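# Overview (structure and organization)
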Amino acid sequence: MSGVLELARPELRSIRPYIPGAYEPGCIRLNANESPWRPPGDTTERGLNVYPPPRPAALTAKLSEYYGIEQRQILVTRGSSEAIDVLIRGFCTAGRDGIVICPPTFDMYRLYAGIQNADVTRVPLLSEKNFALDVERVLASLDAHTKIVFICSPNNPTGQSMARADVETICRETAGRALVVLDEAYHEFADAEDFLEMRNRYEHVVLLRTLSKFVSLAGVRCGLLIAAPELVEFSQAVLPPYTFPTPSIEHVLEALSTDSLRVSEERVALLKRERARLSDALLDVPQVLKVYPSDANFVMVRTRDGAVFRETARRAGILVRTFDDPLLCDCVRITVGRPEDNDLLLRAVARAGRANDA
């Protein structure tokens, strides 16, 4: 057994995955209890009357080619959030094991841990250092029941990439003790190098990616778990078959075509320029006290009154995000929109600032 699987729930290490009915092109499927007719209006290539592949092999192959990662290191999931769920269910025994998170961060780590009845240890980011990792406290928080450390980089909602040296230290010091899950949902918007090389050096390091942002497929829900082949195989046994629908497979394959990727890359470049422009302009808004550096497709600002800023934007027909987390008191997260959307927001908050000064 791979060393990393020693961390998994003992009762799941030898679980036998479900074996679905075989699919062979050119053969009539009377082995899966499917309808023999397509539904009216079905334009998919495969047909919605038959189950999708148990695992989307064609999509895995395409993603492998795009990211330069071996297919056996990839598990396609319904958004990266499903990968979070699968890892927590696979490694945390309910009522005994736990995870470490670094708030403020993506809240789904906490939620899935709660669903699994796994303990959550919180090691806050260092707000005085632009929300950097507190490496010493992260390592000090580990105990015999810690199974996963989650690190989001670029982080949601603060936007910054974590220092590579800090991540390296945590990965090195957790070997044999816990998984380290590096959530790279926003890495296409960052200038910093991704953590793929680090994943290749440490078998207990897992990467998460998503196609929701950079290829505009949030509605399709396609994510990737990238890990050692043994961990991917184990995760496949935890994840039921047929989870990724036929239309989603076909949409993602189209989105990863050469022409579509060219459009997505142009849009990412535009959003990065707009991020810089929006950040600079927000510095001149009287309500804004600080604009945090961002490597994501959003900007976080600290305001004089987060609720007032949010309502000012809403009156202009724009929704922005505020938070209950005391670490984010009066902070507002603004997704970078189209140039005209960003202009509308800037005009609204600038007008409110002039009105308050009058």
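As the structure is a prediction and not an experimental result, all values here were calculated from the model.

A few words now on the packing of helix α1 (residues 57–67) against helix α8 (residues 246–255). In the contact formed by α1 and α8, the axes pass within 10 Å of each other and the chain directions differ by 25°. Looking at the two axes, α1 sits roughly parallel to α8. Helix-helix and strand crossings are classified by hand; for α1 and α8 the assignment is left-handed. Contacts between α1 and α8 involve Ala-58, Leu-59 and Lys-62 from the former and Ile-249, Val-252 and Leu-253 from the latter. Looking at the contact of α1 with α8 residue by residue, the class counts come to 5 nonpolar, no polar and 1 charged.

The next point concerns the packing of aromatic side chains. For the structure on display, the rule yields 8 aromatic pairs. Measuring from centroid to centroid gives 6.0 Å for Tyr-66 and Phe-214, while their planes differ by 20°, and the two rings are stacked. Taken together, the positions of Tyr-66 in helix α1 and Phe-214 in the loop between β6 (205–210) and β7 (223–226) put the pair 148 residues apart, joining distant regions of the chain. By relative accessible area, which is 31% here, Tyr-66 ends up partly exposed. By relative accessible area, Phe-214 is classed as buried at 4%. With 5.5 Å between their ring centres and 75° between their planes, Phe-91 and Phe-234 make a pair best called edge-to-face.

What follows concerns the environment of Arg-321. Tracing the sequence through the fold places Arg-321 in strand β10 (residues 321–322). In this structure Arg-321 comes out as partly exposed when scored by relative accessible area, which is 43%. Arg-321 sits 14 residues away from Thr-335 along the chain, and the two C-alpha atoms are 8.6 Å apart.

Attention now moves to the pattern of salt bridges. For the structure on display, the rule yields 23 salt bridges. Its salt-bridge partner being Arg-201, residue Glu-197 comes within 2.4 Å of it at the nearest N-O pair. With Glu-197 and Arg-201 both in helix α6 (residues 196–201), this residue pair falls 4 residues apart, about one helical turn. Under the relative-accessibility criterion, Glu-197 is labelled partly exposed at 36%. The salt bridge partner of Asp-259 is Arg-262, with a shortest N-O separation of 3.0 Å. Pair noted here: Asp-259 and Arg-262 are both in helix α9 (residues 258–282), with a separation of 3 residues, about one helical turn. Overall, the relative accessible area of 53% leaves Asp-259 in the exposed class. The class for Arg-262 is partly exposed, based on a relative accessible area of 42%. Linked by salt bridges that have partners in common, Arg-96, Asp-97 and Lys-147 make up one network.

Analysis parameters
- Residues numbered from 1 in each chain as written.
- Predicted model: local features only at pLDDT ≥ 70, side-chain atom pairs only at ≥ 80, totals over all residues.
- Heavy atoms only, no water.
- Axes fitted to C-alpha atoms, helices over the stretch in contact; angles between N-to-C directions.
- Helix = DSSP H or I, 4+ residues; strand = E, 2+ residues; numbered from the N terminus.
- Parallel < 35°, antiparallel > 145°, perpendicular 65-115°, else oblique.
- Left-handed = near helix turned anticlockwise from the far one by under 90°.
- Contact = heavy atoms within 4.5 Å.
- Nonpolar A, V, L, I, M, F, W, Y, C, P; charged D, E, K, R; others polar.
- Phe/Tyr/Trp six-rings, centres within 6.5 Å; stacked < 30°, edge-to-face > 60°.
- Buried < 20%, exposed > 50% of the residue type's maximum accessible area, 1.4 Å probe, protein only.
- Salt bridge = Lys/Arg side-chain N within 4 Å of Asp/Glu carboxyl O.

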